[in-house]
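# Tertiary structure, described
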Amino acid sequence: MSGILPKGWVETTFPTVALLNPKSSLDDDTEVAFVPMPHVPTNFSDTLRFEKKLWRDVKRGFTHFRNDDVIFAKITPCFENGKAAIVAGLPNAHGAGSTEFYVLRPVIVPSALLFYWVKTAAFLKTAEAHMTPGFPGYYT
């Protein structure tokens with residue numbers, strides 16, 4: 001990192017700040033949220049929408065998340081459109097959704113900070129410049 005950090009800040013690595021794509025383990029009969037890509041907003045004012053499903057029906061083949069995680073689209077055009085949300089209000093605090101999401105679980109920073117970061121033009125531009133298989137926005 002270049003430059004001088006503000007007072008009270010420390011230089012760190014991303015895995016110290018947030019976990020990427022953590023998995024969940026729940027009882028099969030647990031009611032959870034299911035979030036397809038169209039339910040994720042592109043702006044700051046809309047909230048994440050979801051459908052209710054049983055864990056047994058969504059635990060395999062989908063991306064896992066829980067309340068306070070940040071999800072964002074990893075494919076274009078949804079990535080370029082800034083589809084992202086702070087996950088909140090899920091039944092039993094857990095959910096699953098599109099395989100086209102990345103999930104960030106905050107470790108030492110608030111969810112809002114991660115959310116605002118993935119919504120910045122700088123993040124979108126940098127990520128787009130580094131697109132390779134497995135990276136956000138990559139076309140197959």
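Just so we're clear, the structure is a prediction, and the values are computed from it rather than from any experiment. (Residues numbered from 1 in each chain as written. Predicted model: local features only at pLDDT ≥ 70, side-chain atom pairs only at ≥ 80, totals over all residues. Heavy atoms only, no water.)

### Quick word on the overall build of the chain
In terms of regular secondary structure, the chain is built from four helices and eight strands. The helix and strand sequence of the chain, counted from the amino end, reads α-β-β-β-α-β-β-β-β-β-α-α. Taken over the C-alpha trace, the chain has a radius of gyration of 16 Å; the compact-globule value for 140 residues is 14 Å, and the two agree within 12%. In terms of overall dimensions, the chain has C-alpha extents of about 50 × 35 × 30 Å along its principal axes. Per-residue burial for the chain yields a buried fraction of 40% across its 140 residues. Sequence separation of at least 24 residues holds for 74% of the intrachain contacts in the chain that already meet a minimum separation of 6. Approximately 8,200 Å² of the chain is accessible, and the part contributed by carbon and sulfur atoms is 57%. Each charge class in the chain can be summarised by its mean position, and for the 14 positive and 13 negative side chains these summaries are 2 Å apart. (Helix = DSSP H or I, 4+ residues; strand = E, 2+ residues; numbered from the N terminus. Rg over C-alpha atoms; globule rule 2.2 N^0.38 Å. Buried < 20%, exposed > 50% of the residue type's maximum accessible area, 1.4 Å probe, protein only. Contact = heavy atoms within 4.5 Å. Areas by Shrake-Rupley, 256 points an atom, 1.4 Å probe, with all protein chains shown as cover. Lys, Arg positive; Asp, Glu negative; His and termini not counted. Charge placed at Lys NZ, Arg CZ, Asp CG, Glu CD.)

### Considering the packing of aromatic side chains
Per the stated rule, a full pass over the model turns up nine aromatic pairs. A ring pair is formed by Phe65 and Phe101, whose centres lie 6.4 Å apart and whose planes are at 70°; its orientation type is edge-to-face. One end of the pair, Phe65, is in strand S4 (residues 63–66); the other, Phe101, is in strand S8 (residues 101–106), and 36 residues separate them in sequence. By relative accessible area, Phe101 is classed as buried at 1%. (Phe/Tyr/Trp six-rings, centres within 6.5 Å; stacked < 30°, edge-to-face > 60°.)

### A closer look at the layout of surface pockets
A volume near 570 Å³ is recorded for the largest pocket. Considering the residues around the largest pocket, the lining is formed by 15 residues, among which Val10, Thr12, Val17, Val109 and Leu113 are closest to the centre. Of all elements in the fold, only helix H1 (14–17) and helix H3 (111–118) reach the threshold of two or more residues within the lining of the largest pocket. Grouping the amino acids of the lining of the largest pocket by side-chain chemistry returns eleven nonpolar, three polar and one charged. (1 Å grid on protein atoms, 1.4 Å probe; cavity = no way out; pocket = protein on both sides within 12 Å on 5 of 7 lines; lining within 4 Å. Points joined across faces, edges and corners; volume = space filled by probe spheres on them. Nonpolar A, V, L, I, M, F, W, Y, C, P; charged D, E, K, R; others polar.)

### Section: the sheet that holds strand S1 (residues 18–20)
Across the sheet, four strands lie side by side as S1-S8-S5-S6; this open sheet has antiparallel pairing. Either end of the sheet is taken by a strand with one partner, and the two such strands are S1 and strand S6 (84–86). Adjacent strand axes in the sheet meet at a mean angle of 20°, parallel and antiparallel pairs treated alike. Two strands pair when backbone bridges link them, and S1 and S8 are joined in this way by three bridges, in the antiparallel orientation. (Pairing = 2+ DSSP bridges. Axes fitted to C-alpha atoms, helices over the stretch in contact; angles between N-to-C directions.)

### Remarks on the pattern of salt bridges
Summed over the entire model, instances satisfying the criterion amount to three salt bridges. In this structure, the salt-bridge partner of Asp28 is Lys59, at a minimum N-O distance of 2.7 Å. A residue pair is termed long-range when its members are at least 10 positions apart, and Asp28 in the loop between S1 and strand S2 (31–35) and Lys59 in the loop between helix H2 (55–58) and S4 qualify at 31 residues. Among the salt bridges present, the one from Arg56 reaches Asp29, with a minimum N-O distance of 2.0 Å. Separated by 27 residues along the polypeptide, Arg56 in helix H2 and Asp29 in the loop between S1 and S2 bring together distant segments of the chain. Overall, Arg56 belongs to the partly exposed group, its relative accessible area being 39%. (Salt bridge = Lys/Arg side-chain N within 4 Å of Asp/Glu carboxyl O.)

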